[in-house]
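Residue-level structural notes
Chain by chain, the residues run as shown.
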Amino acid sequence: MKKVLTIAGSDSGGGAGIQADLKTFQERGVFGTSVITAITAQNTLGVHGVYPQELSAVEAQLDAVLSDIGTDAAKTGMLFSAELIQLVARKIQEYSVPSLVIDPVMIAKGGAPLLKKEAVEALRKVLLPLGAVITPNVPEASELLGGRRIEGVKEMEEAAKELYQLGPKAVVVKGGHLDGEQSVDVLFDGEKWYHFASDRIETRHTHGTGCTFSACIAAEMAKGRTIPEAVRTAKDFITHAIQHSLEIGKGVGPTHHAAYRLVGEKSPSSPTV
Ligand SMILES: Nc1ncnc2c1ncn2[C@@H]1O[C@H](COP(=O)(O)OP(=O)(O)OP(=O)(O)O)[C@@H](O)[C@H]1O
Ligand SMILES: Cc1ncc(CO)c(N)n1
């Protein structure tokens, strides 16, 4: 069985972070391992506390997983500080971790910071160049490009091309935060652009969409899919998960990680534009 590692924060509410990643890995038929960078006290109403782990604890987890089990792909999520980013980048190089998907998590849906402001520079310079794919949402892409305005697909294409200059092999700018009848994700692989579109689903229960999407890309890459194939599957997977999202808790509920298995494979939901 292929193995995939998530290096991310824990979401006690179960919809995002490490928990979303491991559920997604299970659904995609890969063996999931995890390195917890920070513990969040979190539910559907928001983030109530952030407890970054000691550098030595994160290093020990990385060494434990990578020196014994190894991995066929990995993803990063919440990394919180420049020190953690530097450590993770160093270990990824030391163990030659393949197919790294970087979700440059910055702010939770309710507005809580999951990355310190001063860590953005380390993310840009030290980690992003190591990525096989990076998956910023629109506000993250904008922040990584010094506050640039991104309001439509044309600007997403330009942003993807500029982010590609930072060194990753491919960039997906996700369109969940824009308005419009469709939610379009733009992939640039250094040669051409691909658009992955789905009808925008009317729901507030979208907690953890970005985590689930990037975890699915990593799982598919571990199985040997090309980057466009992996992104296409991830788009289909997350669309089903949002379509069947769960009214759990009093706020922004999680997506349904098993929806694609239960209904999805029979009815693909997301045509490629
Ligand atoms: N309302 C929606 N309808 C359909 N697809 C959506 C919707 N919202 C988000 N998506 C899709 O979900 C995926 C994740 O995109 P999004 O921009 O929400 O990520 P994110 O902001 O990083 O998520 P997170 O809040 O977990 O950090 C993308 O494929 C996007 O197109
Ligand atoms: C731990 C964690 N990682 C990522 C996100 C972004 O959705 C979140 N809300 N919580």
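Preceding block: the structure.
Residues numbered from 1 in each chain as written. Chains lettered and ligands numbered in written order. Predicted model: local features only at pLDDT ≥ 70, side-chain atom pairs only at ≥ 80, totals over all residues. Heavy atoms only, no water.

**Here's the deal with the site of ligand 2**
- Close contacts around ligand 2 come from G9, S10, A16, G17, Q42, M78, V105, A108, L114, H207 and C211, and that covers them all.
- Taking Q42, its side chain carries an N or O atom lying 2.8 Å from a nitrogen atom of ligand 2.
- Relative to its free-state accessible area of 290 Å², ligand 2 is covered by the protein chains to the extent of 92%.
- Taken together, the residues of the shell around ligand 2 break down into six nonpolar, five polar and no charged. (Near = heavy atom within 4 Å. Polar contact = N/O pair within 3.5 Å; in protein donor to acceptor, adjacent residues only side chain to side chain. Areas by Shrake-Rupley, 256 points an atom, 1.4 Å probe, with all protein chains shown as cover. Nonpolar A, V, L, I, M, F, W, Y, C, P; charged D, E, K, R; others polar.)

**Side note on the side chain of T37**
- Its place among the elements puts T37 in strand β2 (residues 31–43).
- What makes T37 buried here is its relative accessible area of 0%. (Helix = DSSP H or I, 4+ residues; strand = E, 2+ residues; numbered from the N terminus. Buried < 20%, exposed > 50% of the residue type's maximum accessible area, 1.4 Å probe, protein only.)

**Here's the deal with the pattern of salt bridges**
- For the structure shown, the criterion picks out 17 salt bridges.
- We note a salt bridge from E59 to R90, for which the minimum N-O separation is 3.9 Å. Linking E59 in helix α2 (residues 55–69) with R90 in helix α3 (residues 82–94), this pair joins segments that are 31 residues apart in sequence.
- Across the pair R225 and E220 runs a salt bridge, and its minimum N-O distance is 3.8 Å. (Salt bridge = Lys/Arg side-chain N within 4 Å of Asp/Glu carboxyl O.)

**Here's the deal with the environment of L130**
- Mapped onto the fold, L130 is located in the loop between α4 (120–127) and β6 (133–134).
- Given the relative accessible area of 25%, L130 is considered partly exposed.
- Along the primary structure L130 and G167 are separated by 37 residues, whereas in three dimensions their C-alpha atoms are 7.1 Å apart.
- For L130, the residues in contact, after removing those within four places along its chain, are A89, I92, Q93, L100 and I102. (Contact = heavy atoms within 4.5 Å.)

**Points about the nonpolar core**
- L62 and L127 are the most contacted members of the largest nonpolar core, which has 51 residues in total.
- Look past the residues within four positions of L127 in its chain and what remains in contact with it is T76, L79, I85, V88, A89, I92, I102 and A122.
- With 28 residues, the next largest nonpolar core counts F25, L187, A218 and A219 among its residues. (Core = buried A, V, L, I, M, F, W, Y, C linked by side-chain atoms within 4.5 Å.)

**As for the pairing of strand β1 (residues 3–11)**
- With eight of its nine residues buried, β1 lies for the most part within the structure.
- As paired elements, β1 and β2 share nine bridges and run parallel to each other. Following the sheet pairing, T6 is matched in β2 by S34.
- What joins β1 to β2 is helix α1 (residues 17–27), and the crossover it makes is right-handed. (Pairing = 2+ DSSP bridges. Right-handed = clockwise from strand over helix to strand, strands pointing away.)

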